[in-house]
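Residue-level listing of the chains:
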Amino acid sequence: STEPYQPPEFTRALSAEEAIQPSADVYSLGVTLLHVLRGDIPIEPETGAPFLTFDDLNLPMPWQEWLHQALALDPQERFSSMKEAQAHMYRLPLPSSHSN
């Protein structure tokens, strides 16, 4: 099932036009990245909704801010499009690598 990857507006939308906005794809990308980082998407037992936390992942602040905006429950608070989300992602610092 792809339900954990669907933005919250899909369940409360009155019409497909209302639900299917570019920011919906941004939400799904955020959940996908979180899944890659965590190894799973934990589901809240009481609601069946995804538990989208990343506090325990020890991500650098710019990455936390990006994920926070991508996963905003309110579509107006998310990146407005994949193009905008991608532009912000390209500015994020890459982890430094250490050679032994």
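Higher on the page you've got the structure.
The shown structure was predicted, so the numbers you read here are calculated from the model rather than taken from an experiment.

A. Expanded view of the packing of aromatic side chains. Taken as a whole and judged by the stated rule, the model has 1 aromatic pair. Consider the rings of Trp66 and Phe79, whose centres lie 5.5 Å apart with planes at 35°: the pair is tilted. Taken together, the residues span a long stretch of sequence, with Trp66 in helix H4 (residues 61–70) and Phe79 in the loop between H4 and helix H5 (82–90) at a distance of 13 residues. Per residue, the accessibility class of Trp66 equals that of Phe79, and both read buried.

B. Fine view of the pattern of salt bridges. Across all of its chains, the model carries 2 salt bridges by this definition. A salt bridge links Glu9 to Arg78; its shortest N-O distance comes to 2.8 Å. Here Arg78 lies in the loop between H4 and H5 and Glu9 lies in helix H1 (residues 9–12), a separation of 69 residues in the sequence. The shortest N-O distance in the salt bridge between Arg38 and Asp56 comes to 2.8 Å. Linking Arg38 in helix H3 (residues 22–38) with Asp56 in the loop between H3 and H4, this pair joins segments that are 18 residues apart in sequence. Owing to a relative accessible area of 26%, Arg38 belongs among the partly exposed residues under this scheme. Looking at Asp56, the relative accessible area reads 53%, which means it is exposed.

C. Quick peek at the packing of H3 against H5. Two numbers describe how H3 lies on H5: the axes approach to 9 Å, and their chain directions differ by 40°. Regarding the angle of H3 to H5, the classification is oblique. Judged by the sense of rotation from one axis to the other, the crossing of H3 with H5 is right-handed. Residue-level contacts link Asp25, Val26, Leu29 and Leu33 of H3 to Met82, Ala85 and Met89 of H5.

Each value, and the rule that gives it
- Residues numbered from 1 in each chain as written.
- Predicted model: local features only at pLDDT ≥ 70, side-chain atom pairs only at ≥ 80, totals over all residues.
- Heavy atoms only, no water.
- Phe/Tyr/Trp six-rings, centres within 6.5 Å; stacked < 30°, edge-to-face > 60°.
- Helix = DSSP H or I, 4+ residues; strand = E, 2+ residues; numbered from the N terminus.
- Buried < 20%, exposed > 50% of the residue type's maximum accessible area, 1.4 Å probe, protein only.
- Salt bridge = Lys/Arg side-chain N within 4 Å of Asp/Glu carboxyl O.
- Axes fitted to C-alpha atoms, helices over the stretch in contact; angles between N-to-C directions.
- Parallel < 35°, antiparallel > 145°, perpendicular 65-115°, else oblique.
- Left-handed = near helix turned anticlockwise from the far one by under 90°.
- Contact = heavy atoms within 4.5 Å.

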